[in-house]
Amino acid sequence: MSRASARSTPQQRARKRARSLPPTKARSTGAHPDERDPQLLDTTVGRLVEDHGWEVDLRVHGVFGRWPELVGSEVAAHSTPESFDDGRLVVRTDSTAWATQLTLLAPTVVRRLNEELGHGTVTVIEVRGPRGPSWKKGPRSVRDGRGPRDTYG
């Protein structure tokens with residue numbers, strides 16, 4: 001036997017290895033799709049979201065983006081959702097009057113959000129009024145001072 005005939009080509013070695021592996025371990029290449037083929041981005045992202053348990057978070061943040069559609073344009077003009085955690089949705093309003101109005105509308109808003117997100121996703125809406133002014137800024141502020149309250153009466 002000559003040296004040339006004793007050598008095998010890479011294809012022959014690959015076929016020999018594939019035959020020696022059990023059928024489940026053999027790597028097949030063919031016309032049928034398998035997990036090594038390029039995947040659609042939608043499928044890959046969907047699998048990533050499912051593996052990490054991000055479904056509810058994504059739905060809730062989708063609601064943040066559609067807030068005017070869900071609560072109405074007038075309410076949305078005066079309120080913005082701030083955060084969502086363990087069924088508690090925190091909403092900030094631009095005035096105390098709107099905070100009172102949204103507190104009265106909270107059961108209706110919870111029902112509407114649960115229709116979109118699934119039953120029991122939102123359990124409580126915590127309505128917060130506008131943020132108070134900060135007395136720590138300005139040209140005449142004093143470090144560790146009480147602010148304008150120290151000159152009151």
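As shown above, the structure is provided for reference.
Here the structure is a predicted model, which means the values were calculated and not measured. (Residues numbered from 1 in each chain as written. Predicted model: local features only at pLDDT ≥ 70, side-chain atom pairs only at ≥ 80, totals over all residues. Heavy atoms only, no water.)

1. What about helix α7 (residues 96–117)?
Logical step 1: Maximum bend of α7: about 55°, positioned at L105, with proline P107 one to four residues after it.
Logical step 2: Among all positions in α7, only W98, A99, L102, A106, V109, V110, L113, N114 and L117 are buried.
Logical step 3: Close packing links the buried residues of α7 with α4 (55–65), α5 (67–71), α6 (73–78), β1 (79–85), β2 (88–93) and β3 (124–128).
Logical step 4: Immediately downstream of α7, the backbone of G118 shows phi near 115°, a positive value. (Bend = angle between axes of the 7 residues up to and from the residue. Helix = DSSP H or I, 4+ residues; strand = E, 2+ residues; numbered from the N terminus. Buried < 20%, exposed > 50% of the residue type's maximum accessible area, 1.4 Å probe, protein only. Contact = heavy atoms within 4.5 Å.)

2. Considering the sheet that holds β1
Logical step 1: One open sheet holds the three strands; their spatial order is β1-β2-β3, and the pairing between them is mixed. Looking at strand neighbours, the two that pair on one side only are β1 and β3, the edges of this open sheet. Strand-to-strand twist across the sheet, computed as the mean angle between neighbouring axes with direction ignored, equals 25°.
Logical step 2: By the bridge criterion, six bridges tie β1 to β2 in an arrangement that is antiparallel. (Pairing = 2+ DSSP bridges. Axes fitted to C-alpha atoms, helices over the stretch in contact; angles between N-to-C directions.)

3. Focus on the side chain of N114
Logical step 1: Take N114: it is sitting in helix α7.
Logical step 2: Dropping the residues within four chain positions of it, N114 is found in contact with H119, G120, T121 and V122.

4. Looking at the nonpolar core
Logical step 1: Judged by nonpolar contacts, the single largest core of 20 residues is most densely connected at W67, L89, V109, L113, V122 and I125.
Logical step 2: Going through the elements one at a time, α4, α5, α6, β2 and α7 are the ones with two or more residues in this core.
Logical step 3: It is α7 that provides the largest number of residues to this core, a total of seven residues.
Logical step 4: Look past the residues within four positions of W67 in its chain and what remains in contact with it is G72, A76, S79, T80, P81, L89, V91 and V109. (Core = buried A, V, L, I, M, F, W, Y, C linked by side-chain atoms within 4.5 Å.)

5. Side note on the environment of R88
Logical step 1: Assignment of secondary structure puts R88 in strand β2.
Logical step 2: Overall, R88 belongs to the partly exposed group, its relative accessible area being 39%.
Logical step 3: Taking C-alpha positions, R88 is 4.9 Å from V124, a pair spaced 36 residues apart along the chain.

6. A short note on the side chain of S79
Logical step 1: On the secondary structure map, S79 appears in strand β1.
Logical step 2: Judged by its relative accessible area of 3%, S79 falls in the buried class.
Logical step 3: Within the structure, the side chain of S79 is placed 3.3 Å from the side chain of W67, a separation counted as a polar contact.
Logical step 4: A distance of 2.8 Å separates the side chain of S79 from the backbone oxygen of V75, its partner in a polar contact.
Logical step 5: When near neighbours in sequence (up to four residues on either side) are disregarded, S79 contacts W67, V91, R92, T93 and L102. (Polar contact = N/O pair within 3.5 Å; in protein donor to acceptor, adjacent residues only side chain to side chain.)

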